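Each chain is listed here by its residues.
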Amino acid sequence: QVQLVESGGGLVQPGGSLRLSCVASGFTFSSYAMSWYRQAPGKERELVAAISSPGGSTNYADSVKGRFTISRDNAKNTVFLQMNSLKPEDTAVYYCKAVRSLTYWGQGTQVTVSS
């Protein structure tokens, strides 16, 4: 069956870095556009970054431009989110999403930025 499994979240101090991974299975990963979303407590889920299929273009939310980088490894069915210069306002549950004719979501990984 289709699975998207995120990992790499955790507690980090402001200014620190984390690298999130999302491993996909059960569908043709390279054919799907992939993205990362996040949802903070009491807020709506928002798009953080997206990468096209098979990976030629990317786009980012203004709030993370210059700090986050999305990438994908189609051979490993994995999408990454490198997060640098983290801020407390980046605290949220981060989800990966796959979109083509159908949409799939992962279960999320918690990122907490706090001193």
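Residues numbered from 1 in each chain as written. Predicted model: local features only at pLDDT ≥ 70, side-chain atom pairs only at ≥ 80, totals over all residues. Heavy atoms only, no water.

Visitor: What am I meant to see in the overall build of the chain here?
Guide: Helices and strands together make up the secondary structure of the chain, namely 0 helices and 11 strands. Counting helices and strands in the order they occur from the N terminus, the chain gives β-β-β-β-β-β-β-β-β-β-β. In summary, the chain has a C-alpha radius of gyration of 13 Å against a globular reference of 13 Å for 115 residues, a match within 12%. Overall, the C-alpha framework of the chain stretches about 40 × 25 × 25 Å when taken along its three principal axes. Looking at the chain residue by residue over its 115 residues, the buried ones come to 40%. Pairs at least 24 residues apart make up 52% of the contacts formed inside the chain by residues separated by at least 6 positions. (Helix = DSSP H or I, 4+ residues; strand = E, 2+ residues; numbered from the N terminus. Rg over C-alpha atoms; globule rule 2.2 N^0.38 Å. Buried < 20%, exposed > 50% of the residue type's maximum accessible area, 1.4 Å probe, protein only. Contact = heavy atoms within 4.5 Å.)

Visitor: How do you make sense of the nonpolar core when you look at a structure like this?
Guide: Membership of the largest hydrophobic core comes to 30 residues, with the highest contact counts inside it found for L4, W36, V79, L81, M83 and Y94. Elements with a minimum of two residues in this core: β3 (18–25), β4 (33–39), β5 (46–51), β7 (68–73), β8 (78–83), β9 (92–99) and β11 (109–113). In this structure, M83 is in contact with G16, S17, L18, L20, R67, F68, Y94 and V111, ignoring residues within four places of it in sequence. (Core = buried A, V, L, I, M, F, W, Y, C linked by side-chain atoms within 4.5 Å.)

Visitor: Before we go on, may I ask you to explain the state of the cysteines in this structure?
Guide: Here a disulfide denotes a covalent bond joining the sulfur atom of one cysteine to the sulfur atom of another. Applying the stated criterion to the full structure yields 1 disulfide. Two residues share a disulfide in this structure: C22 and C96, whose sulfurs sit 1.9 Å from each other. Residues C22 and C96 share a disulfide whose torsion about the S-S bond is about 40 degrees; that sign makes it right-handed. Of the two residues, C22 is situated in strand β3 and C96 in strand β9; the sequence distance between them amounts to 74 residues. Each member of the pair C22 and C96 is classed as buried. (Disulfide = S-S within 2.5 Å.)

Visitor: Whenever I open this one, the sheet that holds β8 confuses me. Can you help?
Guide: The strands making up a sheet associate through hydrogen bonds between their backbones, and the pairing can be parallel or antiparallel. Reading across the sheet, the 4 strands line up as β1-β3-β8-β7 and stay open at both edges, with antiparallel pairing between neighbours. Because the sheet does not close on itself, it has two edges, and the strands there are β1 (3–7) and β7. Looking at each pair of strands side by side, their axes are set apart by 15 degrees on average, direction ignored. (Pairing = 2+ DSSP bridges. Axes fitted to C-alpha atoms, helices over the stretch in contact; angles between N-to-C directions.)

Visitor: Please explain the pairing of β8 as it appears in this structure.
Guide: Regular strands place side chains that alternate from one sheet face to the opposite one. Counting buried positions along β8 yields 5 of 6 residues, so the element is predominantly enclosed. Pairing geometry for β7 and β8, over 6 bridges, is antiparallel. The residue of β8 that forms the bridge with D73 is T78. Counting the residues that bridge the hairpin from β7 to β8 gives 4 residues, and of these N77 lies at a positive phi of roughly 50 degrees.

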